[in-house]
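Report on the structure
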Amino acid sequence: MNTPIKPIYVTQPHLPPLEEFVPYLEQIWANKWLTNAGPFHNELEVAIARHLDVPHLSLFTNGTIALVVALQALRISGEVITTPFTFVATTHSLLWNGIKPVFVDIDPATFNLDPNKIEAAITPQTTAIMPVHCYGNPCDMARIEAIADRYGLKVIYDAAHAFGVRYRGDSIARHGDLTVLSFHATKTYNTFEGGAIVSPDPKTKQRIDYLKNFGIADEVTVVGPGINGKMNEVQSAFGLLQLKHLPEGLARRREVDRRYRQALWSVPGLEIPVANPEVEGNYSYFPVRVGSGFRMSRDALYERMRSAGVFARRYFYPLVSQMPMYRGLPSAAPEHLPMASQITQEVLCLPIHAELGEAEQERVITIIKG
Ligand code: T4K
């Protein structure tokens, strides 16, 4: 009888021992305080702010609602410059605010917005730039912020992939007018679903906290058209426990990253992103580019892997700019986005997570090497 092969996913959550979570649940049951700025929620806000070395942070039920609220909080309107090489949530958050996305091409070295191309996309309607730290690679923040300052634009970073990433020792979550994080199950740090907005000052945090709770200031006062974006006590308690286990999860991911680099650097036609020594990364993704010199196409490799139970993912294919709600925009034309259009055809994110064993990783490597 054939034993079914264990599937290998692009990512898997790193879960703490179940019994360690039980005392947290017992406390929630005893308090009967389930959501709305409960004690675990408030403790987690402080703990994550400390961990990320940021002044003010508001927890959210997920990263997408956090993006929508970040745009509301800064009253962004008109046009926003952003990347087509991202998950749909980035761009959808603009549409949900009635904002027109303007796509700018990416830098092939980082997969992030190319700062050389931003200025040409600025019009009198432009109010902000929304860059993404794709795969946890820091954007060229100095240049993006210099452009924003010159033209009076806001910068909201989508740091959904970049929890804990540092550049030259500095937490990248401290940058921009706001930075938005995701704690989804597939991320390096997860609270099942979850997210956060990092604010530079208490006044902005207060406005965001109102907006995530219907705009309620007190029992009889509603100060704005808020939404329900609150993180509940079970998510928050889990987040506290997860923070304790983060170092071991990161160490294991680092090891997976190291083994891929060692095994794959010389494979013809396969391009592995260069590790930047100035970046303290979080190893959330391991993207490779399958070029024309590889012995089969990216999609053929993807299918070969799937048939062997290895579920690598083509993040990000198709480009957001090719999706039906965006492809009519002038900035979505593929000839305007040559790098993103090429990379979306070549990229494959290999499985990387804390529980990926050496033998499983060897299965992935063997398929690639052929
Ligand atoms: N901005 C950016 C740049 C983002 O990448 C994201 C989310 C956001 C904003 C929005 O943040 P959130 O609102 O999600 O907090 C996944 C995630 O759902 C999404 O959070 C993430 N980016 C995106 C890049 O990846 P899918 O559709 O690929 O997920 P799915 O269900 O196919 O899962 C991928 C693999 O993970 C599965 O094959 C198996 C594994 N998995 C997944 C889940 C949910 C598990 O092992 N356990 C699980 O519980 O979007």
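Provided above is the structure to which this section pertains.
Within any chain, residue numbers begin from 1 and follow the written order of that chain's sequence. Reporting of local features is limited, given that this is a predicted model, to residues whose pLDDT is at least 70; pairs of side-chain atoms are given and counted only at 80 or more, and all residues count toward the totals for whole chains, interfaces and linings. With hydrogens and water set aside, each side-chain value is computed from the structure's full complement of heavy atoms.

1. Structural notes on the site of the ligand
The rule for a residue being near a molecule or strand is that one of its heavy atoms must lie within 4 Å of it. Taken together, 26 residues lie near the ligand, and Gln 12, Thr 64, Asp 158, Ser 182 and Tyr 315 sit nearest. The contact in question runs from an oxygen atom of the ligand to an N or O atom on the side chain of Ser 182, over 2.7 Å. Take His 184: an N or O atom from its side chain is 3.3 Å from an oxygen atom of the ligand. The method behind every accessible area is Shrake-Rupley, applied with a 1.4 Å probe, and residues are considered shielded solely by the protein chains displayed. The fraction of the free accessible surface of the ligand (930 Å²) that becomes covered by protein chains is 76%. Elements with a minimum of two residues in the shell around the ligand: helix H3 (63-73) and helix H4 (88-95). Secondary structure follows DSSP: runs of H or I at least 4 residues long count as helices, runs of E at least 2 residues long count as strands, and numbering of each begins at the N terminus. Per-element accounting of the shell around the ligand gives the leading share, three residues, to H3. N or O atoms within 3.5 Å of each other form a polar contact, as long as, within protein, one can give a hydrogen and the other can take it, and as long as residues adjacent in sequence are counted only when both atoms are side-chain atoms.

2. What about the sheet that holds strand S11 (residues 178-182)?
Any two strands between which DSSP finds at least two bridges are classified as paired. Spatially, S2-S12-S11-S8-S7-S3-S4 is the arrangement adopted by the seven strands of the open sheet, whose pairing is mixed. Unpaired on one side and paired on the other, strand S2 (56-60) and strand S4 (100-103) mark the two borders of the sheet. Pairwise comparison of adjacent strand axes, ignoring direction, gives a mean angle of 25° for this sheet. One ladder, built from four bridges, connects strand S3 (residues 79-82) with S4; its direction is parallel. Pairing of Val 80 across the sheet is with Pro 101, part of S4. Contacts between residues were defined by any pair of non-hydrogen atoms, one from each residue, lying within 4.5 Å. Here an axis means a line fitted to C-alpha atoms, over the contact stretch when the element is a helix, while the angle between two N-to-C directions is reported on a 0 to 180 degree scale. Strands in contact with helix H2 (residues 39-52) are S2 and S11; relative to S2, the strand with the most contacts, it is inclined by about 130°. With respect to the sheet, helix H6 (residues 202-211) is in contact with S2, S11 and strand S12 (195-199), its orientation differing from that of S2 by roughly 10°.

3. Considering a nonpolar patch on the surface
Together, Leu 95, Trp 96 and Met 325 make up an exposed nonpolar region whose accessible area comes to about 370 Å². Note on Trp 96: relative accessible area 69%, which makes it exposed. Residues qualify for a patch when their relative accessible area is over 30% and they have no salt bridge, like charges being joined within 9 Å and the nonpolar side chains of Val, Leu, Ile, Met, Phe, Trp and Tyr within 5 Å. We count a salt bridge whenever a side-chain nitrogen from Lys or Arg sits within 4 Å of a carboxyl oxygen from Asp or Glu. Classification of residues uses two cut-offs on accessible area relative to the type maximum, computed with a 1.4 Å probe and protein chains only: under 20% is buried, over 50% is exposed, and between them is partly exposed.

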